[in-house]
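Chains, contacts and geometry: an overview
The chain contents come next:
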Amino acid sequence: MTGRLQVCEPQTEVEKHTHAILKLSSGRELRFVDPRRFGRLSVARTAGFDAEGIEPLEIDLDRFLRLFRGRKTPIKSALLNQKLLRGVGNIYADESLFRAGIRPRRRAATITRDQLARLRTSIKEVLNEAIALGGSSISDYVDADGEEGFFQLQHRVYGREGEACLVCKTPVKRIVIAGRGSHYCPKCQK
Ligand SMILES: [Zn+2]
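Residues numbered from 1 in each chain as written. Predicted model: local features only at pLDDT ≥ 70, side-chain atom pairs only at ≥ 80, totals over all residues. Heavy atoms only, no water.

1. Focus on the coordination of the zinc ion
Distances from the zinc ion to its protein donors, namely Cys-165 (SG), Cys-168 (SG), Cys-185 (SG) and Cys-188 (SG), fall within the range 2.3 Å. In terms of primary sequence, the donors binding the zinc ion are separated according to C-x2-C-x16-C-x2-C. Remark: Cys-185 occurs in the segment after strand S5 (180-184) and Cys-168 occurs in the loop between helix H4 (113-132) and strand S4 (173-177); sequence separation between them is 17 residues. Here Cys-168 falls in the partly exposed class, since its relative accessible area comes to 21%. You can call Cys-185 buried: its relative accessible area is 0%. (Donors = N, O, S within 2.8 Å, 3.2 Å for Na, K, Ca; no water. Helix = DSSP H or I, 4+ residues; strand = E, 2+ residues; numbered from the N terminus. Buried < 20%, exposed > 50% of the residue type's maximum accessible area, 1.4 Å probe, protein only.)

2. Re the nonpolar core
Ranked by internal contacts, the top residues of the largest apolar core, which has 27 residues, are Phe-64, Phe-68, Ile-75, Leu-79 and Leu-119. Listing elements by their share of this core, those giving two or more residues are helix H1 (61-68), helix H2 (75-80), helix H3 (90-100) and H4. Sorting elements by how many residues they give to this core places H4 first, with six residues. Grouped together as the second largest cluster of nonpolar side chains are five residues, Phe-98, Cys-165, Val-172 and Cys-185 included. (Core = buried A, V, L, I, M, F, W, Y, C linked by side-chain atoms within 4.5 Å.)

3. As for the pattern of salt bridges
One pass over the structure, following the stated rule, counts seven salt bridges. In this structure, Glu-29 and Arg-31 form a salt bridge, with 2.8 Å as the shortest nitrogen-oxygen distance. Take Glu-29 and Arg-31: they sit in the same class, and that class is buried. Here Asp-94 makes a salt bridge to Lys-76, at a shortest N to O gap of 2.7 Å. Here the residue Asp-94 occupies a position in helix H3, and Lys-76 occupies one in helix H2, the gap between them amounting to 18 residues. Considered together, Asp-94 and Lys-76 belong to a single accessibility category, that of buried residues. Beyond isolated ion pairs, a larger network of salt bridges with shared partners links Lys-23, Glu-29 and Arg-31. (Salt bridge = Lys/Arg side-chain N within 4 Å of Asp/Glu carboxyl O.)

Spelled out as structure tokens, the structure:
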């Protein structure tokens, strides 16, 4: 209803009615502009960002392996579970699983240590690339609904249903897991 948030470079002229300027770790600024002064700024933890989840860029291998031990849910659902890992949204989960060669429907507990190690590396790669493309911090990975919003990776499987896999040319498949569209290559991912 009132006010808006703006992400800009620090040298950008400060607009009239800017009531708050937050420094982002990228060096850019998040500014709150509200001419009518009806807006309010508060800091809150939303359900999607449960404190239990671990930052995927910080997690060590042992802890990562433990997250999935004995878990019978599909690996894709486990990746989206914000109580396990924070900030891995639908697109990043699909892209990470593709790079790691793991099918989204595989039961988490059946995935080998080596594959999980590869998955951990893939998640970090994907998130780091996303950050390099314009994100600035963990909070930029996903918006309040758990969707990646700020910037787009070059997708290898996500949103490419029926198109040729970039590695082997097999058509990319789309299935639904826990209500979310999940994309994978039936040949590259086991
Ligand atoms: Zn393929």
